[in-house]
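Here's the letter readout for the chains.
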Amino acid sequence: MAYLAIIVIYSLAQIALGVWVARRVTGSRDFFVAGRALGPGLLFATLLAANIGGGSTIGASGLGYRDGLAAVWWVGSAGLGSLVLALWVGPRIRRLAAEHDLRTAGDFLEWRYDRRVRATVSALLWVGTIAILGGQLVGIAWILNVVVGLPKIAGCALGAVVVTVYFGAGGFKSSAVVNVVQLTVKLVGFVIALPLVLAVVGGLDGLRAALPDPGMWNPWHNGGSGWIYLFMLAPNFIISPGLLQKVYGARDDRTVRIGVGLNAVALLLYALIPTLLGMSARVLHPDLPVRDLSLPYLFMHDLPFWVGGLGLAAVFSAEVSAADAVLFMLATSLSQDLYKRFVNPAATDAQVLRVARGASVFGGGAAIVVAFFSKSVIDALSLFYTVLAVSFFVPVVAGLYSRRARAIDALAAVGGGVLMVAVAIAQHGAVPSGIVSLYGLAGAFVAFGVAVFFIRSQA
């Protein structure tokens, strides 16, 4: 119950801080892009807090538990994608957003192409985004299950309430401030926990002796993990709507390069931490019924109370901060990309804000259902990352760097990518994977090329 008390008090503090910040939200501009006033430090904090979420903690440690060192590619791929965002895509799209008052990724797609592209990608985004929010809720549920035996569905519901209340109140402006606190708790918790856990298993030498299988120490591939994650994850951390909209909030290009770049470096340094924790859990708890329980078990059973409590708060922080980033995508996509653009173009600023907050509540409820049917954090996140990469990557990058790209080309890329994903899933199994994402991206590029060079020549 002491562990539960720590989590409950911490949750209430996050809600209180978010609601307090929300008093300064005066319109949709504050809710969507935080007034375009974020400096490098705050941009770094809100990005890293969003990126170290359920997949980077519960999910990555579970992969380390199952596959060993190759699991480092889950977070490492995100770091490499973030470098591209920091140095090339981010500054360029921020300038366009500031010049044309773009507030969502859908705004960019319509400005660059037309409303058909915006509607198509926004609809696909909703499907994938509810899946990733479900993945974060699964992570929260496993923490509460280990701590107090709370059933999975109850844990998902509790996590949804916490994040929906503080994000729905103030949007990006609230989440950016709360993210600073969450990030601090996460980094301190994991930095303290790793050496203590390694000491329990006898250091790296003891870990290697306890896991003699060479595959567990192959950094390139083992089991389902390895370099193939690059194709699923790196594109998403270049063009994810939630990350792009955070970049929109930066005050200038220098802020983007520094804030996003520091986030990328931090992810690359952090990538080894959950992997080693998961491998240590395999030694200390070799018979876990679900691999996603590895991290909560370590903090509950193998560390001193104060470290375990801080670690559980750190993991809880990770799930909640990533969940608010997802709600950000859901709320802005429904209110700005769908409601204001297609349902009620004459909507006032206050009406758009109400719809955004309502979308947060609806998205949280839908994600609870997805979480209940997802077996693991990685299963839910894989669906999101696959759908997003194949439908969004080519239209965004082509729109930024090619003057030749037209709406029909972008739609062809979306259709080709989704079609190839469906074919690959039918061939390789029901759960999307790195190889499925590779096929989908190839299909998107080929379809885009055919549209540009063949359809245009016939016109």
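Residues numbered from 1 in each chain as written. Predicted model: local features only at pLDDT ≥ 70, side-chain atom pairs only at ≥ 80, totals over all residues. Heavy atoms only, no water.

Q: Please set out helix H13 (residues 253–270) residue by residue, giving values where relevant.
A: Taking 1.5 Å of rise per residue, the 18 residues of H13 would be expected to cover 26 Å, and the 25 Å separating its terminal C-alpha atoms lies within 8% of that figure. For H13, the complete set of buried residues consists of Asp253, Thr255, Val256, Gly259, Val260, Gly261, Asn263, Ala264, Ala266, Leu267 and Tyr270. The N-capping residue of H13, defined by a side-chain oxygen 3.3 Å from the backbone nitrogen of arginine 254, is aspartate 252. (Helix = DSSP H or I, 4+ residues; strand = E, 2+ residues; numbered from the N terminus. Expected span 1.5 Å × (residues − 1). Buried < 20%, exposed > 50% of the residue type's maximum accessible area, 1.4 Å probe, protein only. Polar contact = N/O pair within 3.5 Å; in protein donor to acceptor, adjacent residues only side chain to side chain.)

Q: Could you give me a rundown of the packing of helix H4 (residues 55–67) against helix H18 (residues 377–401), with the residues and numbers involved?
A: Axis separation between H4 and H18 bottoms out at 9 Å; the angle between their running directions is 115 degrees. Read as a crossing pair, H4 and H18 show a hand that is left-handed. Judged by residue contacts, Gly55, Ile58, Gly59 and Leu63 of H4 engage Val377, Ile378 and Leu381 from H18. Residue composition of the contact of H4 with H18, grouped by class: five nonpolar, two polar and no charged. (Axes fitted to C-alpha atoms, helices over the stretch in contact; angles between N-to-C directions. Left-handed = near helix turned anticlockwise from the far one by under 90°. Contact = heavy atoms within 4.5 Å. Nonpolar A, V, L, I, M, F, W, Y, C, P; charged D, E, K, R; others polar.)

Q: Before we move on, could you go through the pattern of salt bridges and cite the residues and values that matter?
A: Evaluated as defined, the whole model comprises eleven salt bridges. Among the salt bridges present, the one from arginine 94 reaches aspartate 253, with a minimum N-O distance of 2.8 Å. Of this pair, arginine 94 sits in helix H5 (residues 72–100) while aspartate 253 sits in helix H13, and the two are 159 residues apart along the sequence. This pair shows no difference in class: arginine 94 is buried, exactly as aspartate 253 is. Here the residues in one salt-bridge network are Asp107, Glu110, Arg118, Asp337 and Arg341, joined through shared partners. (Salt bridge = Lys/Arg side-chain N within 4 Å of Asp/Glu carboxyl O.)

Q: Can you explain the nonpolar core? Please cite residues and give values.
A: Core analysis: the biggest nonpolar cluster contains 132 residues, and Trp74, Phe108, Phe190, Tyr385 and Phe392 have the highest contact counts within it. It is helix H7 (residues 115–148) that provides the largest number of residues to this core, a total of 17 residues. Beyond its immediate chain neighbours, meaning those up to four positions away, phenylalanine 190 contacts Thr57, Tyr270, Ile273, Leu277, Leu295, Phe299, Ala314 and Val315. (Core = buried A, V, L, I, M, F, W, Y, C linked by side-chain atoms within 4.5 Å.)

Q: Can you tell me about the packing of aromatic side chains, naming the residues and giving the values?
A: Throughout the structure, instances matching the rule amount to eleven aromatic pairs. On the numbers, 6.1 Å between centres and 40 degrees between planes, the contact of phenylalanine 108 with tryptophan 111 is tilted. Here phenylalanine 108 and its partner tryptophan 111 are both found in helix H6 (residues 105–112), three residues apart, which amounts to about one turn of the helix. Owing to a relative accessible area of 1%, phenylalanine 108 belongs among the buried residues under this scheme. Tryptophan 111 gets classed as partly exposed once you look at its relative accessible area, which sits at 37%. With centroids separated by 5.2 Å and ring planes inclined at 85 degrees, the aromatic side chains of phenylalanine 372 and phenylalanine 373 adopt a geometry described as edge-to-face. For phenylalanine 373, a relative accessible area of 65% puts it in the exposed group. (Phe/Tyr/Trp six-rings, centres within 6.5 Å; stacked < 30°, edge-to-face > 60°.)

Q: Go over helix H17 (residues 349–373) with me, naming the residues and quoting the values.
A: For H17, with 25 residues, the first-to-last C-alpha span of 37 Å sits near the 36 Å given by 1.5 Å per residue. Looking only at H17, the buried set comprises Val352, Leu353, Ala356, Ala359, Ser360, Gly363, Gly364, Ala367, Ile368 and Ala371.

Q: Tell me about the environment of threonine 129, residues and numbers included.
A: Relative to the helices and strands, threonine 129 resides in helix H7. Between the C-alpha atoms of threonine 129 and leucine 383, which are 254 residues apart in sequence, the distance is 9.1 Å. In contact with threonine 129, other than residues within four places in its own chain, are Val326, Met329, Leu330 and Phe384.

Q: Account for the environment of histidine 100, naming residues and giving values.
A: Locating histidine 100 in the fold gives a position in helix H5. Assessed through its relative accessible area of 37%, histidine 100 is described here as partly exposed. The sequence separation of histidine 100 and tryptophan 111 amounts to eleven residues, and the corresponding C-alpha distance is 8.5 Å. Here the side chain of histidine 100 touches tryptophan 111 through a polar contact of 3.5 Å, side chain to side chain.

Q: Any chance you could break down the environment of glycine 35 for me, citing the residues and the numbers?
A: Position of glycine 35 relative to the elements: it lies in the loop between helix H2 (28–33) and helix H3 (40–51). Separated by 216 residues in the primary sequence, glycine 35 and arginine 251 have C-alpha atoms spaced 8.8 Å apart.

Q: Summarise the side chain of aspartate 337; cite the residues concerned and give the values.
A: Structurally, aspartate 337 is set in helix H16 (residues 305–343). For aspartate 337, a relative accessible area of 3% translates into the label buried. Side-chain polar atoms of aspartate 337 contact the side chain of threonine 104, separated by 2.5 Å. Only 2.7 Å separates the side chain of aspartate 337 from the side chain of arginine 118, close enough to count as a polar contact. If we ignore the near neighbours within four places in the chain, the residues touching aspartate 337 are Thr104, Gly106, Asp107, Arg118, Ser122, Thr332 and Phe342.

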